[in-house]
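# A closer look at the structure
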Amino acid sequence: MDSLSPGNVTAISVSAKHILLSEILSVTSVMRKNSRWALSTPSVTARDSTLASSLGLRVSKTPLNAHAFGRGSTEQELMGGFQDLKQLVRDIEDLHSLPLSTLLSPFLAIIRSPLSTGPITSAALTALHNFFLCGLVYPGAVSLPNALAELSSALSSCKFEASDSSGDEVTLLKIMSVIQDALCGSVGRMLGDIEVCEMLETVLTTSCQMRLSEILRRSAEGTLHQLVRTVFARLYDLDPEAEERKLADNGDAEGSEMKMSVSASAPLTEESTSAVEDHAEGGSAPGVPPPEVPAPDTPSAPRPAYGLPSILELLRVLINILDPNDQAHTDSTRLTALRTLNVAIEVAGTRICAYPSLSALILDHGCKYLFQLARSDHPVVLQTALRTIATMFETMRPKLKLQQELFLAFTIDRLAPPSAPSNKNLPLAQKALTGSPRPGSSVPSTPGLGPPPSELDAEKTPATPRLVVPPARGDTRELLLETLCQISRHPSFMVDLYVNYDCDMNCENMFERLVEFSAKGIYPVQSVGGQDYHLQNSQFLCLDLILAFVGRMTARAEGASEAWPPHFPSPEDLQRTKSQKKLILTGAARFNTKPKTGLAFLEENKLIYSDPDEPRPLSLAKFLKSSARIDKRLLGDFISRPENVEVLKAFMTLFDFKGKSVAEALRELLESFRLPGESQQINRITETFAEVYFATGPEEVKSQDAVYVLTYSIIMLNTDQHSPHIRKKMSLEDYMRNLKGVNDGTDFSPEYLQNIYESIRKQEIVMPEEHTGQLGFEYAWKELLARARQAGEFLMCNTSLFDAEMFKAVWRTVVSAIAYAFITFDEDYIIERAIAGFRQCATLARHFDMPDVFDFVVVSLSQATSLLSDTQPAQVPNYPVVDVEGQPVTISTLSVKFGTNFKGQLAAVVLFNIVNGNANALREGWTQIFEMFQTLFLHSLLPPSMLQMEDFLGGSTSIPLRRSQPPRAPPRSDGLLSALSSYLMTPYSSSTDALVPDATDADVEKTLCTIDCISQCRLDELYTQIMQLEPEALVAAVRALEALAHERTVARLKLESDDISTGPGSQQSSPYTLPYDPASVFLLETMVSIARHTPQHIEDVWPVVFEHLSALLSTPAQYSILLIERAVVALLRLCLILAERHTLQDQIYLSFDLLARLPPPVAGSVAEQVVTGLTLILQQHRDIVHSQTEWNVVFALLRSTISHPEAARQSFDILSGIASDGPQQLVTPDNFVGLVNALDEFATVAGIAVDAQQQGRRTQSLNASNSPIVERGRKAIDMIADLKRFWPRFAETAGLQKNQIWRQFGLPLLSALARQASNTSREIRHAAIVHLQRMLLGPHLPVDEDNHAQVEDIFNRVIFPLLDDLLKPQTLLRDTMGFPETRLRACALLCKAFMQFEAREGQKADIRVLWIQVLDLLDRLMHVDRRDQLYEAVPESLKNVLLVMNATGLLVPPTSPEDTRNERQVALWAATHERVERFLPGFLDDIIPTPPPQPAAAPASQPPSTPAPTS
């Protein structure tokens, strides 16, 4: 026995003959059970023809398989068919040798017969099913094509008497099963297009029969889906070009045989003849009917396997069912078609694109109906439509550029309807889905969103009325969002949007719009309705869109990007288009507002009139026609103005009217602009159109005037036929009658006018923005398809070439949305994703070098940390400090509060982890960073390394948080004491003046959580990174610190001072002083520390720091002394760095001058710091001081420190080092005088100290042995005197003349000694006068004795001022015991100096004035105190002077009888005599007596003898 036949699908143990006979028995048994079939007897016509022939009978040669085409009109014939088949196979073992159609014919006859009942038909169907299973029906079967054709015909026309509904439905289920066996099995490829269409129609009709049970319809739909999968999978095996060619070649041959139909109401037990009416024009691809299929009555004809025609027919039927305006189909039917279409696209969506006939159906009617169903109020229809749309975009996106733009725009409109809808600047097709709301329904107003409203682009055109879609609510909103997320799931989705739409002149900026919508969707919207769950889920979905965009861009930045295909437009061209698009949008918007302004803008930006060889009207016309952003109503009005006739003609010439009927040409023209309402304007348009159209040589039109009249008639006909206000419509006869004789005196042919009439009657000429509702939609859809033909394919490439521009366009919106989500939502998953989004934004900001993004991220996150302080506390409270594992922990209000703020902790960790490693990208965000540092500092939460302030004196100390006592005056005693002594040295100590609250265990635990969080922030690492910043980021950081510090010092001082001055009791004697603020010290120290650790960038940082320091030091008395001390230290530490920069050395002296101008009380407090810093600078940079001005500033700074004991010592050491003879001579002509003055100041201070001690009436007087001050003063005198050794060196090295040495160096030195000769300290003044006498009377004084002016300087500027000071009564009171001796020495010095410089031989100058001044002083000295030694010493000294003057011939008494003196001698004697006589009468005559008269003869060769002067 043949166990396995060639067609077996499944291994079987019995023969095919056994199965066949068994199934015959099964069917006939069921037939006999029926009363009507029980009495049937075999007909004679069914007897064996062989027997008849053997008996010599003539019989007809009708073949057995005629039953396949007969109707089986009687029960006997149907039963006889089985008997004949049994007889035929009785002696044949191999059934495969028999025609398959013969074997199946009796079973098919039963299925086809209306006499059959449900059980009988069911048994026949079961038999067929088993034949497929056992392999009786297999690809190699004889006469398989005919058998399949008969099978298809029988199944599609199955008839049986209805009985039990359940049993009948079982029969229908078996029909579905057999169809599935035939189409999806091994012989499915042998079916022809007609058979496939018949089977699909049968299953589709069954699944749409609403009278059938849900189970049956669902089963039928499942079968339909399986069939559709099989049929559409066939597309992968077919050759698209060959199939399309055959489709075009066959034309409409027998296409009607393949027209599928479906009815949701006709009973399935009756033959259904109703078809799905195709409401959409061109529902199937034009010119692509099915190929010719052989009729069933020609079994020998070869039948090609099914292919594109049946698939096309199926797709056409499915799409036509979707038409929402077709009332023949219910939502249930559309749901079935939607689900089936979705299956088809899932299976072969990508392959459909290769077949123009199929893709044309999808792109036109498919998309149009699907998008309209996306507005459905039926939730299941909406969900299924959206699923199908998503599948379509998933598989066919390259072909759906404008369709996707439309859907996205529609979806966004429904999800976030704008408050002032403005789509006038969008292509018309993008308005297509905004169907009008139902009559009587209200359109809700747009809610105010959480985020600030986005700025309206300049290119946006004025708002015009459009059809508004009711906003989606509840489940619908969520469903739309889910679909949007699904469509956008591709990594390249946002890039593709940007490339295809934002960089396309005629498309909306869909990328920017989608990002803006997604960002706004994260904020709550009150008017969208629905439950909180739906609202929050919608927010999550919008957040997913944003985060997915950022994540994918980050992945591309990290290398996961694709190369840009070479056949795509170049990225440069696309970016250029994007830039030009913005200009065009702006120009169009301005044109729509005021054409003249718009044209000026367009010309200015070379968007029109750019080609000098092109006529200006043509250039403008091209722009107006090509720009979809121009208001069509305004366009019609503009081009029809009298002054724009040339533009109108150029506009018309841009249309290709050749070969088109006048109606179609006019339709094309009027659909490009809105026809104005003024008759003259219409006339100009009509005349110009007639001229341009007639020039194309149209058939049957004899003149331009004929075109003119035709045009007017068409416009009138269009209004007549389609205006709802005109009841009586114009007939064809009326129309023809109106046009009699207008064709240049003749009539148009009836056919010509009938074609025009029918064209307008069937399809209205829809002018832009003229209609709403379905008609407006149809026009808009037509516009979209027209644009789609030029738009090209949707470019898809996951490239990173455009990421920088994309991110720049939307980063602020994106970061704000992520920040809002992070702050608002509490779900861990959302927070985690938001954190990832922040990090990715930071990565992108670094990748694209966009510091603004970092700043925005930092600002956004910092607001979530709760570490930004809104107020500035007057002082830091006394917080409790507990010991935790040996470490002191401060329990502050912030540490407790922050320890419970999980969101704030997360924000802080994320923020600082982002900044760590990206610090160079920060700019404005440093303000928030340092403000958080400041807050943490005030609550003792910063790492200890950030709390240190360095000093010149004692290393580093911690910045004190509170002061322990009021500030005190600087102590008088010597030593390393500073203003720090009045402050607490540690931020963790507490004051005993206030009670410290207790800390609970819970507070301690929360504080520990805070400390753990701060440690995770790695602030010390960030602080280290700040020291290594690049210049731009470094300056930004320092500026941020300066701004914060300024706010807490200068700005706060001004504010509080103004408050006090305007408040009650505002009269105050001293200026207001700010209390100690530790934060201001912290900010200052941080700023200076950064500057010191980045000396290579001091040129950039110094101006910012110095601005703050100078602001503090200009009014130092109004700030805390510790702050001023730190400012001084900071300034000097920075000067150490400035000293290494030659270009900045002048800033050092600005700083020194600022310090030297400090008020004495402040200067005394900071003297140690000043002198220590100055010492370091001068030690490390000896050559830094060059000019006299610079030295004067240095000496002034040193003099300002003398009041402080310890600082004075160091200052004196500096001066000593300068004055000493070292390896390098430090005393120069530039610093000589300054050095003298500084040393002079030390001596003066010593005298003041001695005077103060004497005023205090202490028993022990100050001297060099018991007072460092006096000792320094005494040494200063010696040093001043010793500086005379540099005079000859200056003359030698600097080439100075003697008089210059005297004027510049000698005189200042002598003046200083003269001043100190009246010092209160006896040691100092005695040393000074001794040195003065030695220098004046010594041999090295750089004075030219012949230069009387220099001699006069000695007396007028040295000796006379000294004596004047000594003669003052108050001078004597300072040392009554010692000053008489000093006067005596000064008197002797006066006389000796006069004798040396004036009373010398050869004196030629007139010395009378100087001599009289000397006599005046001697007079005052003699009579200042008669008890004084001077009373006796002055006459003696005067005697010596007089004798010397007489000896040198200067002072000569008169002689007689003849006076031989010259005039000088006469005048000098007279003046001397007169002056001496006042206080020593007769003294002059006693010392120099008048000689006796001499005889006339006696020679007068010898002068009279005089006594010798006494010593």
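Treat the numbers as computed from the prediction; the structure is a model and nothing was measured.

## What to know about the overall build of the protein chain
Secondary structure assignment for the protein chain yields 61 helices and four strands. Sequence separation of 24 or more characterises 77% of the internal contacts of the protein chain that already satisfy a separation of 6 or more. Roughly 65000 Å² of accessible area belongs to the protein chain as shown, and the carbon and sulfur atoms make up 52% of that amount.

## Details of the nonpolar core
Ranked by internal contacts, the top residues of the largest apolar core, which has 398 residues, are Trp926, Ile929, Phe933, Phe1152 and Phe1355. Sequence-distant contacts of phenylalanine 933, defined by excluding residues within four places in its chain, comprise Phe912, Leu942, Met946, Leu1019, Leu1022, Ile1026 and Phe1082. Leu599, Leu675, Tyr693 and Val701 belong to the second largest nonpolar core, which has 57 residues in total.

## Observations regarding the environment of leucine 484
By the element assignment, leucine 484 lies in helix α17 (residues 474-487). Look at leucine 484 and you get buried, because its relative accessible area is 0%. Remark: the alpha-carbon pair of leucine 484 and alanine 390, spanning 94 residues in sequence, is separated by 8.2 Å. For leucine 484, the residues in contact, after removing those within four places along its chain, are Leu408, Leu415, Leu514, Phe517 and Leu545.

## Digging into the environment of isoleucine 1248
Along the chain, isoleucine 1248 falls in helix α50 (residues 1232-1255). A relative accessible area of 53% places isoleucine 1248 in the exposed class. As for isoleucine 1248 and valine 1270, which are separated by 22 residues in sequence, their C-alpha atoms are 9.6 Å apart.

## So, the packing of aromatic side chains
Two aromatic rings, taken as a pair, are described by how far apart their centres are and by the angle between their planes. Applying the stated criterion across every chain, the model contains 42 aromatic pairs. Measuring from ring centre to ring centre gives 5.6 Å for phenylalanine 689 and tyrosine 693, while their planes differ by 15°; the resulting arrangement is stacked. Here phenylalanine 689 and its partner tyrosine 693 are both found in helix α27 (residues 679-694), four residues apart, which amounts to about one turn of the helix. A relative accessible area of 1% means that tyrosine 693 is categorised as buried. An aromatic cluster of three or more residues is present, and its members are Tyr498, Phe511, Phe549, Trp564, Phe568 and Phe802. In this structure, lysine 625 packs its charged tip against the face of phenylalanine 655, placed 4.7 Å from the ring centre. The ring centre of phenylalanine 822 lies 5.9 Å from the NZ or CZ of lysine 903, which sits over that ring.

## Brief notes about the pairing of strand β1 (residues 881-884)
Each regular strand shows side chains that alternate between the opposite faces of the sheet. Summarising the sheet, β1 and strand β2 (residues 887-890) pair through four bridges and their orientation is antiparallel. Within β2, the residue paired with valine 884 across the bridge is glutamine 887. Two successive antiparallel strands, β1 and β2, enclose a turn made up of two residues, where glutamate 885 displays a positive phi of approximately 55°.

## Here we look at unusual backbone geometry
At glutamate 885, a position not held by glycine, the phi torsion is positive, near 55°. Relative to the helices and strands, glutamate 885 is located in the loop between β1 and β2. Notably, serine 940 is not glycine yet its phi reads approximately 60°, a positive angle. Relative to the assigned elements, serine 940 resides in the loop between α37 (926-938) and β3 (948-950).

## Here we look at the environment of alanine 344
On the secondary structure map, alanine 344 appears in helix α13 (residues 331-352). On the basis of relative accessible area, alanine 344 is assigned to the buried category, the value being 0%. Residues alanine 344 and isoleucine 311, spaced 33 residues apart in sequence, show a C-alpha to C-alpha distance of 9.9 Å. In this structure, alanine 344 is in contact with Val228, Phe232 and Gly349, ignoring residues within four places of it in sequence.

## What to know about the state of the cysteines
The tally for this structure, following the rule as stated, stands at zero disulfides. No disulfide involves cysteine 1017; its nearest neighbouring cysteine sulfur is the one of cysteine 1013, lying 4.4 Å away.

## Some details on the packing of helix α18 (residues 493-502) against helix α19 (residues 510-522)
Look at α18 against α19: their axes get within 7 Å of each other, and the N-to-C directions meet at 135°. It follows from the interaxial angle that α18 and α19 lie oblique. Residues Phe493, Met494, Leu497, Tyr498, Tyr501 and Asp502 of α18 form the contact with α19, whose own contacting residues are Met510, Phe511, Glu512, Leu514 and Val515. Residues that form the contact of α18 with α19 fall into these classes: nine nonpolar, no polar and two charged.

## Description of the side chain of aspartate 1240
With respect to the helices and strands, the residue aspartate 1240 is situated in helix α50. Judged by relative accessible area, aspartate 1240 falls into the buried class, the value being 9%. What aspartate 1240 contacts, discounting residues up to four positions off in sequence, is Ile1280, Ala1312, Arg1315 and Gln1316.

## Focus on the pattern of salt bridges
Taken as a whole and judged by the stated rule, the model has 56 salt bridges. In this structure, arginine 513 and glutamate 508 form a salt bridge, with 3.0 Å as the shortest nitrogen-oxygen distance. For arginine 513, a relative accessible area of 17% gives the class buried. With a closest N to O distance of 2.7 Å, glutamate 1085 and arginine 1126 form a salt bridge. One end of the pair, glutamate 1085, is in helix α42 (residues 1078-1093); the other, arginine 1126, is in helix α44 (residues 1121-1138), with 41 residues separating them in the sequence. As far as burial versus exposure is concerned, glutamate 1085 and arginine 1126 are alike and both buried. Taken together, the salt bridges that share partners define one network made up of Glu214, Arg217, Arg218, Glu221 and Arg339.

## Structural notes on helix α48 (residues 1188-1199)
Given a rise of 1.5 Å per residue, 12 residues ought to cover 16 Å, and the 16 Å separating the end C-alpha atoms of α48 matches this to within 8%. Inspection of α48 places Glu1190, Trp1191, Val1193, Val1194, Phe1195, Leu1197 and Leu1198 among the buried residues, and these make up the whole buried set. Contacts made by the buried residues of α48 are with α45 (1145-1156), α47 (1167-1180), α49 (1205-1219) and α50.

## Section: the side chain of threonine 1007
Its place among the elements puts threonine 1007 in helix α38 (residues 1001-1016). Exposure remark for threonine 1007: the relative accessible area of 0% places this residue in the buried category. A polar side-chain atom of threonine 1007 sits 2.8 Å from the main-chain carbonyl oxygen of aspartate 1003. If we ignore the near neighbours within four places in the chain, the residues touching threonine 1007 are Val889, Thr890, Ile891, Ser895 and Val896.

## Let's talk about the packing of helix α16 (residues 401-415) against α17
Two numbers describe how α16 lies on α17: the axes approach to 10 Å, and their chain directions differ by 145°. α17 is crossed by α16, and the crossing has left-handed handedness. Every residue of α17 that contacts α16 at Gln404, Phe407, Leu408, Thr411, Arg414 and Leu415 is listed here: Thr476, Arg477, Leu480, Leu481, Thr483, Leu484 and Ile487. In terms of residue class, the contact of α16 with α17 is built from seven nonpolar, four polar and two charged.

## Here's the deal with the confidence of the model for the protein chain
Per-residue pLDDT for the protein chain has a mean of 81; in total, 84% of the residues score no lower than 70. This model gives residues 1-8 a pLDDT under 50, and the stretch forms 23 contacts once residues within four places in sequence are excluded. Taken as a whole, residues 58-71 scores under 50 in pLDDT and shows 20 contacts with residues more than four places along the chain or in a different chain.

Calculation notes
- Residues numbered from 1 in each chain as written.
- Predicted model: local features only at pLDDT ≥ 70, side-chain atom pairs only at ≥ 80, totals over all residues.
- Heavy atoms only, no water.
- Helix = DSSP H or I, 4+ residues; strand = E, 2+ residues; numbered from the N terminus.
- Contact = heavy atoms within 4.5 Å.
- Areas by Shrake-Rupley, 256 points an atom, 1.4 Å probe, with all protein chains shown as cover.
- Core = buried A, V, L, I, M, F, W, Y, C linked by side-chain atoms within 4.5 Å.
- Buried < 20%, exposed > 50% of the residue type's maximum accessible area, 1.4 Å probe, protein only.
- Phe/Tyr/Trp six-rings, centres within 6.5 Å; stacked < 30°, edge-to-face > 60°.
- Lys NZ or Arg CZ within 6 Å of the ring centre and 35° of its normal.
- Pairing = 2+ DSSP bridges.
- Disulfide = S-S within 2.5 Å.
- Axes fitted to C-alpha atoms, helices over the stretch in contact; angles between N-to-C directions.
- Parallel < 35°, antiparallel > 145°, perpendicular 65-115°, else oblique.
- Nonpolar A, V, L, I, M, F, W, Y, C, P; charged D, E, K, R; others polar.
- Salt bridge = Lys/Arg side-chain N within 4 Å of Asp/Glu carboxyl O.
- Expected span 1.5 Å × (residues − 1).
- Polar contact = N/O pair within 3.5 Å; in protein donor to acceptor, adjacent residues only side chain to side chain.
- Left-handed = near helix turned anticlockwise from the far one by under 90°.
- pLDDT = per-residue confidence, 0-100.

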